[in-house]
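Take a look at the letters that make up each chain.
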Amino acid sequence: MKTLDQLIRPNIQKLKPYSSARDEYKGTDGVFLDANENPFGELNRYPDPYQKKLKSKLAELKSVSTDSIFVGNGSDEVIDLAFRIFCEPGKDKALTFSPTYGMYEVSAAINDVELIKVPFNSEFQIDFDLTKPFLSDPSIKLIFVCSPNNPTGNSISGIEEILKSFGGIVIIDEAYIDFSEKESWLKRLNEFPNLIISQTFSKAWGLAAARVGLAFASAEIINWFNKVKPPYNVSELNQQAALKALEKKGETFKKINLIKSEKIELERNLDSLEIVKKVYPSDGNFLLVEVSDADKIYAHLTEQKIVVRNRNSVVRNCLRITVGSAEENKKMLNALQNYKS
Ligand code: PMP
């Protein structure tokens, strides 16, 4: 791996970060007349810019130290910040595999960074013959690996080879890891100084509306995220929502198990339909389903107000179907049964 000095954008290395009122006085007691806040109201004070309470609960849950955690306004913020920290616009490049989560491409474009998309092989796994030449390209600063991958659902093998042979930063997007039987990379975070793992409260924790995303990395990398992020990037309401969910984590784990068993049932029911050609195995809370005619079936479902994701333009004739409640899944299956080609 290159040193962080070689990887951080030169203007970011020179950046004098914003120093907020809460950076300059860290106590919690006192008469606070330093941040031009309103003395009246319930949400009148700025939130903790470093989300210390939330991080200490997360550190316990995830068995990592608090200085290895970054909390973002959704994990989409983690993706955007990574481009801003590591990639010089118009010069540096990033790489991912396709098909995958669409925001890597959008974030790359916003930051004027070329994103190389290496196609997965027919099993939606990394094609190392195609990938290897890129691993030694010094203009590539970031590699995004989504595992379990959206929209294909499978976990990605061979990431260790990339971590060991690529000189830049590897971001493993584990948005769906809590639905998977596979181990998170978190346990091995300390082995790889170039590793960033992103996770989110939007999926298994059921807090998509709250916008709380996470990055785990070395304290040094997390420090750069803290310098570049907007000072109060996670609102008090969002922090409270995440803390509340962590207090009731038993409920979350129960719901994860429910979603997992619904997924097995859904898979079985989909498999029995004639219009379904293939249900891809999934470690996430969704299924990629090949059907006889994705565009027509998508239109048929939409007419009945059953909304799935048409991925025909990404994987031919495929729909991505989220695992809903038993009742929602039943409605969707009924609508599929009513389809006449
Ligand atoms: N990564 C993946 C793979 C996703 O599918 C999504 C959301 N669909 C995100 C990240 C973004 O999640 P968040 O709500 O945390 O921004």
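Computed from a predicted model, the values in this text were never measured in an experiment.

Points about the packing of aromatic side chains
Here is step 1 of the chain: In this structure the tally under the stated criterion is twelve aromatic pairs.
Here is step 2 of the chain: Each residue in the set F83, Y101, Y104 and F144 is aromatic and connected to the rest through ring pairs, giving one cluster.
Here is step 3 of the chain: Across the ring face of W224, the terminal group of K227 is positioned such that the distance to the ring centre comes to 4.3 Å.
Here is step 4 of the chain: Residue placement shows R320 over the ring face of F286; its charged tip is 5.8 Å from the ring centre.

Here's the deal with the pattern of salt bridges
Pairs can form between side chains of opposite charge whenever their charged atoms are close.
Here is step 1 of the chain: Enumeration according to the criterion identifies 17 salt bridges in this entry.
Here is step 2 of the chain: Two residues, R84 and D80, come together in a salt bridge whose shortest N-O distance is 2.9 Å. Of this pair, R84 and D80 both sit in helix α5 (residues 75–86), four residues apart, roughly one helical turn.
Here is step 3 of the chain: Judged by its relative accessible area of 37%, R84 falls in the partly exposed class.
Here is step 4 of the chain: A salt bridge links E327 to K331; the nearest nitrogen and oxygen atoms lie 3.9 Å apart. Residue E327 and its partner K331 are located together in helix α13 (residues 326–337), separated by four residues, close to a single helical turn.
Here is step 5 of the chain: On the basis of relative accessibility, which here comes to 55%, the residue E327 falls in the exposed class.
Here is step 6 of the chain: Through salt bridges that share partners, E160, K164, R188 and E191 make up one connected network.

What about the packing of α5 against helix α6 (residues 103–110)?
Here is step 1 of the chain: It is the contact of α5 with α6, at a shortest axis distance of 9 Å, that shows an interaxial angle of 40°. The orientation of α5 with respect to α6, classified from their angle, is oblique. For the pair α5 and α6, the sense of crossing is right-handed. Taking contact as the criterion, the partners of D76, I79, D80 and F83 in α5 are, on α6, M103, Y104, S107 and A108.
Here is step 2 of the chain: Its residues assigned to classes, the contact of α5 with α6 shows five nonpolar, one polar and two charged.

As for the sheet that holds strand β6 (residues 195–200)
Remark on secondary structure: sheet strands pair via backbone hydrogen bonds, oriented parallel or antiparallel.
Here is step 1 of the chain: Pairing in this open sheet of seven strands is mixed, and the strands run β1-β7-β6-β5-β4-β2-β3 from one edge to the other. A strand with exactly one partner marks an edge of an open sheet, and here the two such strands are β1 (69–72) and β3 (114–119). Sheet twist, expressed as the mean angle between neighbouring strand axes with direction ignored, is 25°.
Here is step 2 of the chain: Where strand β2 (residues 93–98) meets β3, six bridges bridge the pair, whose relative direction is parallel. Across the sheet, the residue bridging to A94 is L115, located in β3.

Section: the site of the ligand
Here is step 1 of the chain: Taken together, 13 residues surround the ligand, and among them S75, D173, Y176, T200 and S202 come closest.
Here is step 2 of the chain: Within the contact set of the ligand, an oxygen atom lies 2.6 Å away from a side-chain nitrogen or oxygen of S202.
Here is step 3 of the chain: At 2.7 Å from an oxygen atom of the ligand is found a side-chain nitrogen or oxygen belonging to R211.
Here is step 4 of the chain: With the chains in place, 91% of the 400 Å² that the ligand exposes on its own is no longer accessible.
Here is step 5 of the chain: Along the lines of polarity and charge, the residues of the shell around the ligand split into four nonpolar, five polar and four charged.

Reading the values: rules and limits
- Residues numbered from 1 in each chain as written.
- Predicted model: local features only at pLDDT ≥ 70, side-chain atom pairs only at ≥ 80, totals over all residues.
- Heavy atoms only, no water.
- Phe/Tyr/Trp six-rings, centres within 6.5 Å; stacked < 30°, edge-to-face > 60°.
- Lys NZ or Arg CZ within 6 Å of the ring centre and 35° of its normal.
- Salt bridge = Lys/Arg side-chain N within 4 Å of Asp/Glu carboxyl O.
- Helix = DSSP H or I, 4+ residues; strand = E, 2+ residues; numbered from the N terminus.
- Buried < 20%, exposed > 50% of the residue type's maximum accessible area, 1.4 Å probe, protein only.
- Axes fitted to C-alpha atoms, helices over the stretch in contact; angles between N-to-C directions.
- Parallel < 35°, antiparallel > 145°, perpendicular 65-115°, else oblique.
- Left-handed = near helix turned anticlockwise from the far one by under 90°.
- Contact = heavy atoms within 4.5 Å.
- Nonpolar A, V, L, I, M, F, W, Y, C, P; charged D, E, K, R; others polar.
- Pairing = 2+ DSSP bridges.
- Near = heavy atom within 4 Å.
- Polar contact = N/O pair within 3.5 Å; in protein donor to acceptor, adjacent residues only side chain to side chain.
- Areas by Shrake-Rupley, 256 points an atom, 1.4 Å probe, with all protein chains shown as cover.

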